[in-house]
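Structure at a glance
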Amino acid sequence: MIRFIHTADWQLGKPFGRMPDEARTALQDARLDAIDAIAKLSAGKDARDVLVAGDVFDTFEPGERVVRQALTRMGRAPCRWWLLPGNHDYARAEGLWARLARDAPANVRALVAAEPVVMSDHAVILPAPLLYRRTSEDPTTVFEAMPTAPGVHRVGLAHGPIQSFSSTAAMNLIPVDRAQRSGLDYLALGDWHGFNRIGERTAYSGTPEPDDFDREVTGGALLVEIAGPGAVPVLSHHSLGRFTWRHEAWTLDGVSAFDVQIAALRAGADLARMVLRLKVSGILSLADRVAVRERLESELGLEVRWLDLDLKDLFARPTEDDLGGIDAHGVLRVAAERLLAMAKSEGPEAQRASAALERMFVENLRAARAAGAEA
Amino acid sequence: MKIRSLALENFRRFRAPVRIEGLSDGLNLISEPNETGKSTILEAMRAALFERHGSAGAFIKSLRPWGDETAPTVELCFELDGTAWTVAKRFLQKPQVTLTGPGGQVFTSDAAEEKLQVLLGFERSSNRGADDESRGILGLLWVEQGAALSLGAPGRIARETIQSVLAGEVGAVTGGKRAFAVTAAVETALADFRTAKSGQATGKLLAAQQRLSLAQIQHTEAQASMAHFAGVLDRLALARAELDRTERLAADPVQAEDVKTWTRDLEVAKAAEGRRREAEARLGEAQSRRQQVEARATARLALALQAETAAKASAEAAAHLVEFEPVLSAAVKAEGDRAEDLKAARAALEAADQTAATALAAERAASRTRHLVAAFARLDAAERLAKDIDGLREDLSSSTVTASILQTLQDLSGQVGQTQAALEAGAPTLDVTLRPGAAGKARFNGAAATEGRHLIVAPATLDIADVGAFRVSPASSVAAQAAHRRATEDLGAALDRAGVASLDAARAAADQRRAAADRLKELEIRLETLCAADTGLDLEAGLDALRGALAGVDRPPTPPQAAGGPPDISGDAEGAAVRARMTERAAAEARDAAGEALKAAELRGQTLSAASRDLKVRQDQLAAELASARTAQPDADLDAELLSARQAEARAQGEVEEMKATALAFSVEELERKLANAGTRRRNIEAERVRLAGEIGGLAEAARSEGERGPAADLEIAREAEDSAASDLALITEQAEVLTLLRSVLADASREATRQYLGPVTQRVAPYIGRLLPGATLELSDAMAAGSVSRSGRLEPAEDLSRGTQEQLAVLTRIAFADLLLEKGRPVSLVLDDALVYSDDGRLETMTDILSEVAGRMQVIILTCRKRAFLHLEANRVSLVEV
């Protein structure tokens, strides 16, 4: 019976450059904190070994601060860390991994050579480190030339997709039947950020801390238990992620529809731990669009960790009330009608005119409020 | 609104209190000369209403009289809708304000200021003081000196007031305050993106642009760092690979085996080489011996030959010596003969020289005698001449009448003549005719009278015998007679001194004296000639020299004169001597030549003799040498030794060839070269290993330190930062574009609206314009200033018009605004401070006519320094009065 933790894709040091500073710092810190969470899980499950299936770092040279932070956190944990270079942090000669192999604490092993490593008396790790960002060859072919003593568990550790999703030639592609072909008891894979079990003996653990809107995943790690050589591994996924990344698309026909969506969102998740990409579309009156935008920016935007808001497809169709709200006559009314006419035409000017009209609407509202306050 | 009175104190140039009173409803004219404070009046009116009493800004301070620390005070009484108001303000020291209204209501402090603002429609002024923006309508209608020219647009409050008034009239709203607020908000928002004037990026837009360019720079830098880092890693990998290769080379077994073989071969080759050298040495020895024997044989042969040659030469020399004997004898004889010849020639020369010397002495004696004879003859002649000269000199010294004395006598005689003539000029004449026989009967001045005419120059007496005496006295003057007498006496005295009786005698004596002098000169020249210098006798010129030379010398007899001169004895003797000398010289030369020939012959003889002797000695020597050699080793023995030596050499040569063939099997040079190359290679490999180890150390350290900085992460961050900055900039740029579009649309709409509602103002001003510029119409600008004038279809911008026209238009548009506001019941008052200074007389009259009409509707106050220009005007004339 062997028991270990399978994790991957920590991508420590990911910059999140498009975000404001405070969101970025929070997300980066959450990735480092995942190490502590995994250590805690391993202690809690009495699994002394943690196998990290690649992409420990976001780049092959993430900088000393990130490396030190990671090593310190790993060093103080009462478990052993088996780190594999992935495509993000491929083991470039003389680079990061060479230093890790030299400087890492005793309980951290950098698996930079494709050679079997004894994990325990009963288990051997067969690592398939990536030495380049992309290779057109199967990195796990090396497993075939790695005989082990009978009665020892063979645990493969590799990083790469088992299936190509793009039209271009797949890189680092791993055959789906690698475990069977190489007589592995278990093949621990990294690359895909969501937990994914492939057959009986192969699985992607997913990332412990989600980092993208692309797929909705729950951050976590796998506890792997194998009763004996040849036995089917028992996997259990444990959630560890702090933030959820959500991609929402709302279509609105009025403020009431907006209220419904907001309420649903709030009910379903902890907004403070949500990173939200929101695309709003529909056609509203000018007043409604202004109101929706104001609430998105000044309410929802402040509630979530970060809001990536896209209102390009939320169109304003000014009503007679909107125009009347601006003025019945006079300069503002003339300008509003002119902008409205421009907004109805084609081209980028139309969008700009629409924005200008909205801006005028807002400024008018403010002026009216100011006048009201004075009165 | 009507201004009634104004009082000020400690205000600008007015320290003492002054007042203006009695301002009427219609047209008021305050004409004061320059520098009397006319403009201060308008300043004070403004201060009373618009400047806050508590203000202590620079402008308020400037209201104080120059150099004073006093408190400017002003009091203004005005009427509004028939009710009287008085505002009194004191600035700077204990500032205060009091507004007194109808029914005795009194406002003070800020309440007073606020009440004024409400009453007259203006706003609280800023700390810097009131300006046209805040003064409202009155700011527009109270035109200060020089401001009319600016054609300025109304300030904001004035514009708003006019707009609000017009809104009702044209039935179109401008949007009022809200439109202004929105426009201003848009302007403010845009100002955060682009500058108002040039539209250049500023604020957020500029910051976004700067962020992007900074991000781009950082991205580029991160790329460079990354590239450098990648380069370091690549070089490190290369260096490690190179070190591996070098290590393998160092441990190459084939190379080691080669070196071993080469070393062994080299030893073998070196031994063979040693044997070859020994054989060569033996060969050298044999060669040397053979050469020695050969040399000896050759020497023996040469010696024999030389001995033979020497014997032959010796014999020849002896023969030559014998042949030379007679030649030497002949030379000895010739030399003796020539010496004899020379002796004879020298004797002949001596004789000839003797003869020539004798002849020359004789000739010299003859020549002296000739000279002496001539000298004595000259002395004789000279002595004679000297005697004559002495006689002549004596004559000359006794002759008294010199040329100058004669001249004096002639002059005196002339004077006698002249005085005589003067005496005779008026003298009576006495013509005497004597009858025959009467002679003696008549006596004139005691002498017998003679016939003819007698001049009577002195009293004369004519005695006629028997008749009596007639005394005649001439009428001529006593002076003339005296002059004549003096002249006659002078002449006489002079003649006496000269020792002559008459002038003629004097003339003769003078001539004689001159002739004697001429003769003397001639004789003296002749004497000089005779006593000339004589080189033949070494004689100097002069008679005394001649006398001295000849004294004590016997006079020689006069020699006989040979025909054709004396004979040339000495010339002949000389010729003979020369010929003798020539002969002697020729003989001497001949003797010398014979001597030389003899010397040469003797030398030749000696040479021949010596040569013969030497050759004989050599012959003997060689013969002895050869004999000695043959005794030591007979010729046959020598030949045998030579043969033996030659055979030994041939043997040694054979041995050497043999050894060379053996040594050729190995090349020592090549083996040494190969071994040296192997050594160099080994050293180079070692050096390369050391170098690579160093390079790897450096690169590894660089890889570590650069890697620790996280170049890949930095690059990722920089790339994302640049993307982010670029999309930010795009967003912000779009915001700026949106605002720009909004501003432009608002501005267009505002301009059109303005044009629409300014119609009523244009209509009101039209009749005035028609009177001032017939056929022209005025177009107001968007900002309500006079914009342009249209005349006969041509549009002229107002600022291009003449200054006069500009100020007139400015006043007329203000009248139009005032009319408009008046109709709407707003408080208006028109104050013009020298607003028409550029207007010509005709225009000024038209303008004053218009102002007179306007004054029928509202109060008009004209402040001017040109009293005469407004003399024609019917107006209430008011003056400043000191209180």
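Note that this is a predicted model, so its numbers are computed, not measured.

Here is what the cut-offs are and how they apply
Residues numbered from 1 in each chain as written. Chains lettered and ligands numbered in written order. Predicted model: local features only at pLDDT ≥ 70, side-chain atom pairs only at ≥ 80, totals over all residues. Helix = DSSP H or I, 4+ residues; strand = E, 2+ residues; numbered from the N terminus. Buried ≥ 20, exposed ≤ 12 C-beta atoms within 10 Å, placed from the backbone. Core = buried A, V, L, I, M, F, W, Y, C linked by C-beta atoms within 7 Å. Contact = placed C-beta atoms within 7 Å. Pairing = 2+ DSSP bridges. Axes fitted to C-alpha atoms, helices over the stretch in contact; angles between N-to-C directions. Parallel < 35°, antiparallel > 145°, perpendicular 65-115°, else oblique. Left-handed = near helix turned anticlockwise from the far one by under 90°. Nonpolar A, V, L, I, M, F, W, Y, C, P; charged D, E, K, R; others polar. Expected span 1.5 Å × (residues − 1). Bend = angle between axes of the 7 residues up to and from the residue.

**Here we look at the overall build of chain B**
Looking only at helices and strands, chain B features 20 helices and 21 strands. For chain B, buried positions account for 25% of its 883 residues.

**Here's the deal with the overall build of chain A**
The helix and strand inventory of chain A stands at nine helices and 16 strands. When burial is assessed residue by residue, chain A has 45% of its 375 residues classed as buried.

**As for the nonpolar core**
Ranked by internal contacts, the top residues of the largest apolar core, which has 222 residues, are Ile5(A), Leu51(A), Val52(A), Leu157(A), Ala335(A) and Leu830(B). Take this core: its biggest share by element is 18 residues, from helix 17 (residues 711-757) of chain B. Not counting chain neighbours up to four residues away, the residues in contact with Ala335(A) comprise Met360(A), Val745(B), Leu746(B) and Ala749(B).

**Considerations on the sheet that holds strand 13 (residues 460-464) of chain B**
Residues and elements named next belong to chain B. Taken together, the four strands give an open sheet; going across it, the order is 11-10-13-14, and neighbouring strands pair in antiparallel fashion. The sheet is open, and its two edges are formed by strand 11 (447-448) and strand 14 (468-472), each paired on a single side. Pairing of strand 10 (residues 442-444) with strand 11, which is carried by two bridges, proceeds in the antiparallel orientation. Paired with Phe444 across the bridge in strand 11 is Ala447.

**With respect to the packing of helix 18 (residues 759-772) of chain B against helix 20 (residues 841-855) of chain B**
All names here are of chain B. It is the contact of helix 18 with helix 20, at a shortest axis distance of 10 Å, that shows an interaxial angle of 150°. One finds that helix 18 runs roughly antiparallel with respect to helix 20. The way helix 18 lies across helix 20 gives a crossing that is right-handed. Facing helix 18, whose interface residues are Tyr768, Arg771 and Leu772, helix 20 presents Arg843, Thr846 and Ile850. A breakdown of the residues in the contact of helix 18 with helix 20 according to their chemical character gives three nonpolar, one polar and two charged.

**Overview of unusual backbone geometry**
All names here are of chain B. Non-glycine residue Arg12 carries a positive phi angle of around 50°. One can find Arg12 in the loop between strand 1 (2-9) and strand 2 (18-20). When the 19 C-beta atoms within 10 Å are taken as the criterion, Arg12 is described as partly exposed. Its identity is not glycine, yet Leu92 carries a phi of approximately 70°, on the positive side. Note that Leu92 resides in the loop between strand 5 (83-90) and strand 6 (96-100). Given 19 C-beta atoms within 10 Å, Leu92 falls into the partly exposed group.

**Some details on the interface of chain A and chain B**
The partner chain B presents 42 residues to the 40 residues of chain A that form the contact. When residues in the side of chain A that touches chain B are grouped by element, the largest group, 13 residues, is from helix 9 (residues 348-374) of chain A. Residues that form the side of chain A that touches chain B fall into these classes: 19 nonpolar, eight polar and 13 charged.

**Considerations on the environment of Glu686(B)**
All names here are of chain B. Along the chain, Glu686 falls in helix 16 (residues 668-708). For Glu686, a count of 12 C-beta atoms within 10 Å gives the class exposed. Taking the C-alpha atoms as reference points, Glu686 and Thr246, 440 residues apart in sequence, are found 8.5 Å from one another.

**Quick word on the pairing of strand 7 (residues 153-159) of chain A**
Residue and element names in this part refer to chain A. Burial runs high along strand 7: seven of the seven residues are buried. Neither face of strand 7 is left uncovered, since the one carrying His153, Val155, Leu157 and His159 and the one carrying Arg154, Gly156 and Ala158 both have all their residues buried. Direction of pairing for strand 6 (residues 123-128) relative to strand 7: parallel, over a ladder of six bridges. Following the sheet pairing, Leu126 is matched in strand 7 by Gly156. Examined bridge by bridge, strand 7 and strand 8 (residues 186-190) share five bridges and lie parallel to one another. Its bridge partner being in strand 8, Val155 is matched across the sheet by Tyr186.

**Concerning the packing of helix 10 (residues 403-425) of chain B against helix 11 (residues 478-498) of chain B**
Residues and elements named next belong to chain B. Packing of helix 10 against helix 11 brings their axes to within 8 Å, and their N-to-C directions diverge by 160°. With respect to helix 11, the axis of helix 10 lies roughly antiparallel. As helix 10 runs across helix 11, the sense of the crossing is left-handed. Counted together, Ile405, Thr408, Leu409, Leu412, Ser413, Gln415, Val416, Thr419, Gln420, Ala422 and Leu423 of helix 10 and Ala480, Gln481, Ala483, His484, Ala487, Thr488, Asp490, Leu491, Ala494, Leu495 and Ala498 of helix 11 form the full contact between these two elements. For the contact of helix 10 with helix 11, the per-class residue count stands at 13 nonpolar, eight polar and one charged.

**Overview of the sheet that holds strand 5 of chain B**
Residue and element names in this part refer to chain B. What the seven strands build is an open sheet, ordered 7-6-5-4-1-2-21; its pairing is antiparallel. Because the sheet does not close on itself, it has two edges, and the strands there are strand 7 (106-108) and strand 21 (881-882). Where helix 1 (residues 38-50) meets the sheet, its contacts fall on strand 1, strand 2, strand 4 (73-80) and strand 5, and the angle it forms with strand 4 comes to roughly 80°. Across the sheet, helix 3 (residues 109-120) lies against strand 4, strand 5, strand 6 and strand 7, angled at about 50° from strand 6, the strand it touches most.

**Some remarks on helix 6 (residues 286-303) of chain A**
Residues and elements named next belong to chain A. Look at helix 6: 25 Å from first C-alpha to last across 18 residues, which is about the 26 Å you get at 1.5 Å a residue. The sharpest bend along helix 6 comes to roughly 35°, located at Leu296. Those residues of helix 6 that fall on the buried side of the exposure criterion are Leu286, Asp288, Arg289 and Val292.

**Quick look at the environment of His320(B)**
Residues and elements named next belong to chain B. In this structure, His320 sits in helix 9 (residues 253-398). Note on His320: 14 C-beta atoms within 10 Å, which makes it partly exposed. For the pair His320 and Ser612, spaced 292 residues apart in sequence, the C-alpha separation works out to 8.5 Å.

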